Amino acid sequence: MYKVDVPVNDRELKAVERRRSAEVERRSRIFNPRVRVIGVDLPSLNRQVQEKRERLEMEKQRDMAHDLLRLSLDEMAMQQKNDEEQLRRELNRDLVQYRAIYQRPEESRDADINYNREGAPDVNISALGPSSMQVFQGEGINEKEKMRAQMEMNERNIRAQMEEKEKQERMHKNKEMLTGRELVENDLKAMQLDALKEECRRAERIALSHYNQIQAEERNERKRQEKLKKEGEELAEIQYMVTSDLLTERPDAAKRMTEGSQVHPDRWKGMTPRQLGNIHKERERQCFEKERWRETERQRELAWDYHLMEQSRQQEREEKRRRELESERKIQLEKYNRQLAREQAAHQQYLDKQLYTNRPGVEYFTKFNRSTR
């Protein structure tokens, strides 16, 4: 087999690349948590519906163009068939007329035989004497009239041939004219079809450009929204840090920490004994809870270990029983195989000793294929 370089269709490659880029962009849009929204993306659905309508409309226009082209070709074929039938009828009519005028039966050479010598010259052969044996019918009698009739017949034949030739030339010209008209109409239809295809391509390019423009606008809008959101978050963080209790050192914050007791913000160095006692109590309570949780976990782990141990023992018992059953099955299978072996040996002995006793020798096989027949 020879390797054939098949030309690559640029339109198909561009369509595949366009679908791939659209899939990548859609994937980045869906799997991006900053862009993804909860619910239905109504603008995207509307855009998809509009694209589908435009695609269906383009396909409908293309089908209509194909239907019109098919109808025109059918009409041309029917017209050509009708013209050929009419030309064939005219030729048949002219042929019948030519035969009726120039090939009449009574003017043929055998007219005197076929029509009982009607129209033949009246010759008395007995009056010619012995020399009549040298004169045959149709020779030497009325030779001038026969020559004139032959010349007239030749003229008629030549005229008929010239008319036939002129008619064939007219038919050839008509056929060439019909062929040229058909070629012109085919070229016109091809130009119209190319124009329609170019219109479809232009509409497709316009739709693609519109779609790319909408995508670019959406991308710019998303970037702008992200920038505004980021700037808002940064400003909110700066405002919180400026107005927080850490930098302002308000007395109200210190009062809240001491639960209403009098604390001077410029002299406060730590917590009150009451606050420290509460912290120690909370720590002891958490330690007790943690110890109780550890005891609960230890009891649970012991129970789980006991369950695993019981399950392991159960599996060991089942495995032991399975091995016993397997061993018993193997013993039964060996017994059955030995029984089959004994039966097969007995059958083979019966075949060798009793059934097939007259085995053919070398002399039997040398009787065949001794010649080419």
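Rules behind the numbers
- Residues numbered from 1 in each chain as written.
- Predicted model: local features only at pLDDT ≥ 70, side-chain atom pairs only at ≥ 80, totals over all residues.
- Heavy atoms only, no water.
- Salt bridge = Lys/Arg side-chain N within 4 Å of Asp/Glu carboxyl O.
- Helix = DSSP H or I, 4+ residues; strand = E, 2+ residues; numbered from the N terminus.
- Buried < 20%, exposed > 50% of the residue type's maximum accessible area, 1.4 Å probe, protein only.
- 1 Å grid on protein atoms, 1.4 Å probe; cavity = no way out; pocket = protein on both sides within 12 Å on 5 of 7 lines; lining within 4 Å.
- Points joined across faces, edges and corners; volume = space filled by probe spheres on them.
- Nonpolar A, V, L, I, M, F, W, Y, C, P; charged D, E, K, R; others polar.
- Patch = residues over 30% accessible without salt bridge, like charges linked within 9 Å, V, L, I, M, F, W, Y side chains within 5 Å.
- Areas by Shrake-Rupley, 256 points an atom, 1.4 Å probe, with all protein chains shown as cover.
- Lys, Arg positive; Asp, Glu negative; His and termini not counted.
- Charge placed at Lys NZ, Arg CZ, Asp CG, Glu CD.
- pLDDT = per-residue confidence, 0-100.
- Contact = heavy atoms within 4.5 Å.

Engineer: So what about the pattern of salt bridges? Which residues, and what values?
Structural biologist: Where charged atoms from two side chains of opposite charge approach closely, those side chains can pair. Under the counting rule described, the total for this entry stands at 18 salt bridges. Here E85 ties to R88 by a salt bridge, and the two come within 3.3 Å at their closest N and O atoms. Separated by three residues within a single helix, E85 and R88 lie in helix α2 (residues 42-102), roughly one turn from each other. In this structure R88 comes out as partly exposed when scored by relative accessible area, which is 42%. For R313, the salt bridge goes to E310, with nearest N and O atoms at 3.5 Å. A residue pair is termed a helical-turn pair when its members lie 3 or 4 positions apart in one helix, as R313 and E310 do in helix α7 (residues 273-355) at three residues. The class of R313 is partly exposed, set by a relative accessible area of 40%. Salt bridges here are not isolated pairs; linked through shared partners, they connect E198, R201 and R205.

Engineer: Got a sec to walk through the layout of surface pockets? Specific residues and values, please.
Structural biologist: In this approach a probe as big as a water molecule rolls over the atoms, and the regions it shows empty are the leftover space. Roughly 1,700 Å³ of internal volume is contained in the largest pocket. Surrounding the largest pocket, 41 residues form its lining, R18, R55, E204, A207 and L208 being those nearest its centre. Looking at the lining of the largest pocket, the elements that each hand over two or more residues are α1 (10-30), α2 and α4 (143-243). Take the lining of the largest pocket: its biggest share by element is 16 residues, from α4. Across the lining of the largest pocket, the residue classes tally to 11 nonpolar, nine polar and 21 charged.

Engineer: Hey, could you go over a negative patch on the surface for me, with residue numbers and the actual values?
Structural biologist: Residues E231, E233, E234 and E237 make up a contiguous surface patch of negative charge. You can see E234 is positioned in helix α4. Residue class for E234 comes out partly exposed when judged on its relative accessible area of 42%.

Engineer: Explain the environment of R201 to me, using residue names and the numbers behind them.
Structural biologist: Here R201 lies in helix α4. Since its relative accessible area comes to 29%, R201 is described here as partly exposed. Considered as a pair, R201 and M58 are 143 residues apart in the sequence and their alpha carbons are 9.9 Å apart.

Engineer: Account for a nonpolar patch on the surface, with residues named and values stated.
Structural biologist: There is a patch of nonpolar side chains on the surface, built from L235, I238 and V242 and spanning about 310 Å² of accessible area. When you line up the elements, V242 lands in helix α4. Using a relative accessible area of 54% as the deciding quantity, one classes V242 as exposed.

Engineer: Which residues make up the confidence of the model for the protein, and what values do they have?
Structural biologist: Per-chain confidence: the protein averages 78 in pLDDT, with 75% of residues scoring 70 or above. Low pLDDT (under 50) marks residues 116-123, which in the prediction has six contacts with non-local residues, meaning those over four places away or in another chain.

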